[in-house]
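Architecture and fold: a report
The primary structure of each chain is shown beneath.
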Amino acid sequence: QVQLVESGGGLVQVGGSLRLSCAASGRTIANYGMAWFRQAPGKEREFVAASDRFDSITNYQDSVKGRFTISRDNAKNMLYLQMNTLKPEDTAVYYCAAAPPPVLSHTRLSEYRYWGQGTQVTVSS
């Protein structure tokens, strides 16, 4: 079992930045593929960014490439998402997720077994 708790969300103006954190407990995230997903009101949950368990491969949704950076500190059991140049369309609840190996696709929601409760990000124009 892996417990995940997100933090760092909030209200920010267009063009601003936020850093989301995800604290893991129960198991070391070094054994898991980790990712961020988001869900806007009335929409399905969508992939944002992922990091493989070796911290050697990262994937990003096209709309956040160049603006968001996923990182992990396995020693601290933490996952991060640095979000820059935020846009109104980035407004959503952001979720941290963990996928046990083998991970066939780091972008696929169904690969992820463990989820946090989410943190709200609101970008105002």
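Quick look at the structure, then. Here the structure is a predicted model, which is why all the values come from computation and not from measurement.

Conventions we followed
- Residues numbered from 1 in each chain as written.
- Predicted model: local features only at pLDDT ≥ 70, side-chain atom pairs only at ≥ 80, totals over all residues.
- Heavy atoms only, no water.
- Core = buried A, V, L, I, M, F, W, Y, C linked by side-chain atoms within 4.5 Å.
- Buried < 20%, exposed > 50% of the residue type's maximum accessible area, 1.4 Å probe, protein only.
- Helix = DSSP H or I, 4+ residues; strand = E, 2+ residues; numbered from the N terminus.
- Contact = heavy atoms within 4.5 Å.
- Pairing = 2+ DSSP bridges.
- Axes fitted to C-alpha atoms, helices over the stretch in contact; angles between N-to-C directions.

**Overview of the nonpolar core**
Among the nonpolar cores identified, the biggest contains 28 residues, and L4, W36, L81, M83 and Y94 are the most heavily contacted of them. Looking at this core, the elements that each hand over two or more residues are strand 3 (18-25), strand 4 (33-39), strand 5 (46-51), strand 7 (68-73), strand 8 (78-83), strand 9 (92-99) and strand 11 (119-124). Contacts of M83, omitting those with residues within four sequence positions, involve G16, S17, L18, L20, R67, F68, Y94 and V121. By size, the runner-up hydrophobic cluster in this structure holds seven residues, among which are A35, F37, F47 and A97.

**As for the sheet that holds strand 1 (residues 3-7)**
If you walk across this open sheet you meet the four strands as 1-3-8-7, and the pairing is antiparallel. Lying at the two open borders of the sheet, with one neighbouring strand each, are strand 1 and strand 7. Looking at each pair of strands side by side, their axes are set apart by 15° on average, direction ignored. By the bridge criterion, six bridges tie strand 7 to strand 8 in an arrangement that is antiparallel. Of the residues in strand 8, the one forming a bridge with I70 is L81.

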